[in-house]
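# Breakdown of the fold
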Amino acid sequence: MKKVLVIHGPNLNRLGTREPEIYGHQTLADIDSALVERGKAFGIEVESFQSNHEGAIVDKIQSAANYHGLIINPAAYTHTSIAIRDAILAIDFPVIEVHLSNIYKREPFRHHSMISDAVTGKIVGLGHHGYLLALEAVHGLIGR
Ligand code: DQA
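Not measured: the values here are computed from a predicted model. (Residues numbered from 1 in each chain as written. Predicted model: local features only at pLDDT ≥ 70, side-chain atom pairs only at ≥ 80, totals over all residues. Heavy atoms only, no water.)

Now for the packing of aromatic side chains. Taken as a whole and assessed by the stated rule, the structure comprises zero aromatic pairs. Over the ring of Tyr67 we find Lys3, and its NZ or CZ is 4.8 Å from the ring centre. (Phe/Tyr/Trp six-rings, centres within 6.5 Å; stacked < 30°, edge-to-face > 60°. Lys NZ or Arg CZ within 6 Å of the ring centre and 35° of its normal.)

In the neighbourhood of the ligand, the contacting residues comprise Arg18, Tyr23, Asn73, Ala75, Ala76, His79, His99, Leu100, Ser101, Ile103 and Arg110. Interatomic distance of 3.2 Å between a backbone N/O atom of Ala76 and an oxygen atom of the ligand. Between Leu100 and the ligand, the recorded distance is 2.8 Å, taken from a backbone N or O atom to an oxygen atom. In the complex, 99% of the free accessible area of the ligand, which totals 320 Å², lies under the protein chains. For the shell around the ligand, a count of residues per class yields five nonpolar, four polar and two charged. (Near = heavy atom within 4 Å. Polar contact = N/O pair within 3.5 Å; in protein donor to acceptor, adjacent residues only side chain to side chain. Areas by Shrake-Rupley, 256 points an atom, 1.4 Å probe, with all protein chains shown as cover. Nonpolar A, V, L, I, M, F, W, Y, C, P; charged D, E, K, R; others polar.)

Right, let's talk about the side chain of Asp32 for a bit. Note that Asp32 resides in helix 2 (residues 28–42). Buried and without a salt bridge, Asp32 has Lys60 as its closest oppositely charged side chain, separated by 12 Å. At 2.8 Å, the side chain of Asp32 and the side chain of His8 are in polar contact. (Helix = DSSP H or I, 4+ residues; strand = E, 2+ residues; numbered from the N terminus. Buried < 20%, exposed > 50% of the residue type's maximum accessible area, 1.4 Å probe, protein only. Lys, Arg positive; Asp, Glu negative; His and termini not counted. Salt bridge = Lys/Arg side-chain N within 4 Å of Asp/Glu carboxyl O.)

Compared with an ideal rise of 1.5 Å per residue, which puts 15 residues at 21 Å, helix 2 spans 21 Å between its outermost C-alpha atoms and is within 8% of the ideal. The set of residues buried in helix 2 consists of Leu28, Ile31, Asp32, Leu35, Gly39 and Phe42. For helix 2, the buried positions fall inside an angular range of 95° around the axis, keeping them on one side. Away from its buried face, by an angle of more than 90 degrees, helix 2 presents the exposed residues Ala29, Lys40 and Ala41. Tucked inside the fold, the buried residues of helix 2 contact strand 1 (2–8), strand 2 (44–50) and helix 5 (129–142). (Expected span 1.5 Å × (residues − 1). Arc of directions from axis to C-beta. Contact = heavy atoms within 4.5 Å.)

Every buried residue of helix 3 (residues 54–62) is listed here: Ile57, Val58, Lys60 and Ile61. Along the axis of helix 3, the buried residues cluster in a sector spanning 160°; they form a single face. Pointing more than 90 degrees away from the buried face of helix 3 are the exposed residues Asp59 and Gln62. Contacts made by the buried residues of helix 3 are with strand 1, strand 2, strand 3 (69–73) and helix 4 (82–89).

Here the focus is the packing of helix 2 against helix 5. Put simply, helix 2 and helix 5 touch, their axes get as near as 10 Å, and they point 30° apart. Classed by the angle they form, the pair helix 2 and helix 5 counts as roughly parallel. Note that helix 2 runs across helix 5; the crossing there is right-handed. Here helix 2 contributes Ile31, Ala34, Leu35, Arg38, Gly39 and Phe42 to the contact with helix 5, which in turn contributes Tyr131, Leu132, Leu135, Glu136 and His139. Considering only residue class, the contact of helix 2 with helix 5 consists of seven nonpolar, two polar and two charged. (Axes fitted to C-alpha atoms, helices over the stretch in contact; angles between N-to-C directions. Parallel < 35°, antiparallel > 145°, perpendicular 65-115°, else oblique. Left-handed = near helix turned anticlockwise from the far one by under 90°.)

In the Ramachandran plot, Asn11 falls in the positive-phi region, its phi being about 75° despite a non-glycine side chain. Counting through the fold element by element, Asn11 comes out in the loop between strand 1 and helix 1 (20–23). One non-glycine residue with positive phi stands out, namely Ala75, at about 50°. Position of Ala75 relative to the elements: it lies in the loop between strand 3 and helix 4. Look at Ala75 and you get buried, because its relative accessible area is 12%.

This is the structure:
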């Protein structure tokens, strides 16, 4: 069975109550369980990981060698983290960057992503649906 890792960065553990007008009303648990369910339909085992710590996210990416795909929303670290970028560059399976909000319609400091030119593809602004679309994309890329 193919395995896909989903990494959620800082403050995404507060989804549902955190600025719902921007990030929606779904909790992280809602998103993760929807991914597990959709994964079953694709024959993909989905594991999710959330951390508020940059180094913990780097450690998780480094330990992902036995996965077939990575979906990552590095949250605020998107805009700052060379360490997460470097960890992604060392990966040789598909990586999809996801943002719940359309970062290009927001403050200028959110317009730049440190990882966009290091990932396979990117989905922004579609809320929690973006994660499911990312899983569908990974499924198409890794096949059966
Ligand atoms: C985010 C956008 C980031 O700018 C922000 O820091 C987040 C969430 C998103 O999913 O829209 O925490 O990655």
